[in-house]
Amino acid sequence: LKEMTFQEFGELQPLRKEFVHAFKRYRYYFPGKPLPVLYFCISGFNESVFTAENIVGISLDKYLGPGCNYYNLLDLPRYKKRKMIPKMMVPDVVYAWGMTEFEMGADATTLADHIVYQGKLMVLMEKLLPGVNDTLRLGFTEKQLEWCRMNEVGMWNYLVERQLLFSTRQMDIVRYIHDGPTTNGFPPESPARTGIWLGRQIVRAYLKRNPGVTLAELMANRDYRQILNSSAYAPQ
């Protein structure tokens, strides 16, 4: 495993450049916040990215590509394996660091809270990784992205009509926020985590209606209901 990992990543120089660019932007938007120290390791297929105070650990053996024989021996599902590629590493780190630095808050209990919070993280990723494709920022395939674009109205109406937005049931939050092969209740072509895609649309709408809000102000705002209401999000 060690030899395979070294062959894949070598001296990590291209990845280091990507991390430098991302965290330069982070320092630009959040000049008062410390930058993390990155540690690369072989974890034995444990967490892909793990964080502690001012530290991010990255398991290189979780990014060896879907053809890695070890992944087949572990019987990992296809939706996980297709994202275990080198290009997912920087987006995964930025996402994990965003969750560490901008915690959701204990008052966030509804599906809408989770959706908007995740939307904030996606907008943060857009700002820090402007040249990265949505397939990497969101972890969707191109077909799944197109499905979301074509079914935005239907997804939103589904949540509204079934009064799911302000549900506090854990099973509802898991259904629309957590990873998986698809979103339970939606067609099989849908990706999992459709709530995160909708959250990004909501936060984009909020910023469009409130152009004076800075990224730092957005990430500090934990009033998710206020963001939702002020967005006037109503896809047509």
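See above for the structure.
Residues numbered from 1 in each chain as written. Predicted model: local features only at pLDDT ≥ 70, side-chain atom pairs only at ≥ 80, totals over all residues. Heavy atoms only, no water.

### Here's the deal with the packing of aromatic side chains
A full pass over the atoms with the stated rule returns 12 aromatic pairs. Relative to F102, the ring of F30 has its centre 5.0 Å away and its plane inclined at 45°; by these criteria the two rings are tilted. Residue F30 is located in the loop between α2 (13–29) and β1 (37–41), and its partner F102 is located in the loop between α5 (89–101) and α6 (111–128); the two are separated by 72 residues in the primary sequence. Here F30 falls in the buried class, since its relative accessible area comes to 5%. Look at F102 and you get buried, because its relative accessible area is 7%. (Phe/Tyr/Trp six-rings, centres within 6.5 Å; stacked < 30°, edge-to-face > 60°. Helix = DSSP H or I, 4+ residues; strand = E, 2+ residues; numbered from the N terminus. Buried < 20%, exposed > 50% of the residue type's maximum accessible area, 1.4 Å probe, protein only.)

### Section: the layout of surface pockets
The method is simple in principle: a probe with the dimensions of a water molecule rolls over the atoms, and the space it marks as empty is what remains. When its volume is computed, the largest pocket comes out at roughly 910 Å³. S48, K83, D92, Y95 and D179 are the residues nearest the centre of the largest pocket, which is lined by 30 residues in total. Elements supplying a minimum of two residues to the lining of the largest pocket: β2 (49–52), α5 and α7 (134–137). Of the residues assigned to the lining of the largest pocket, the class counts are 17 nonpolar, 5 polar and 8 charged. (1 Å grid on protein atoms, 1.4 Å probe; cavity = no way out; pocket = protein on both sides within 12 Å on 5 of 7 lines; lining within 4 Å. Points joined across faces, edges and corners; volume = space filled by probe spheres on them. Nonpolar A, V, L, I, M, F, W, Y, C, P; charged D, E, K, R; others polar.)

### Observations regarding the pairing of β2
The side chains of a regular strand alternate between the sheet's two faces. The sheet contact formed by β2 and strand β3 (residues 55–59) spans 4 bridges and is antiparallel. Across the sheet, T51 pairs through a bridge with V56, a residue of β3. The antiparallel pairing of β2 with β3 creates a hairpin that spans 2 residues between the two strands, and N54 there sits at a positive phi of about 60°. (Pairing = 2+ DSSP bridges.)

### Topic: unusual backbone geometry
Of note, the phi angle at F45 is positive, near 65°, even though the residue is not glycine. In this structure, Q163 is a non-glycine residue whose phi angle is positive, near 55°. Turning to its location among the elements, Q163 is positioned in the loop between α9 (152–161) and α10 (170–177).

### Details of the side chain of D134
Looking at where D134 falls in the secondary structure, it is placed in helix α7. Look at D134 and you get buried, because its relative accessible area is 15%. If we ignore the near neighbours within four places in the chain, the residues touching D134 are G139, L145 and R200. (Contact = heavy atoms within 4.5 Å.)

### Considering α2
Quick reminder: α-helices carry 3.6 residues per turn. Residues three or four places apart thus point the same way. A rise of 1.5 Å per residue sets the reference length of α2, with its 17 residues, at 24 Å; its end C-alpha atoms lie 25 Å apart and thus fit the reference within 8%. Where α2 is concerned, the buried positions are L15, F19, A22, F23 and Y26. Viewed along the axis of α2, the buried residues span an arc of 90°, placing them on a single side of the element. Relative to its buried face, α2 has exposed residues pointing more than 90 degrees away, namely P14, K17, K24 and Y28. Contacts from the buried residues of α2 go to α1 (2–9), β1, β3, α5 and α6. (Expected span 1.5 Å × (residues − 1). Arc of directions from axis to C-beta.)

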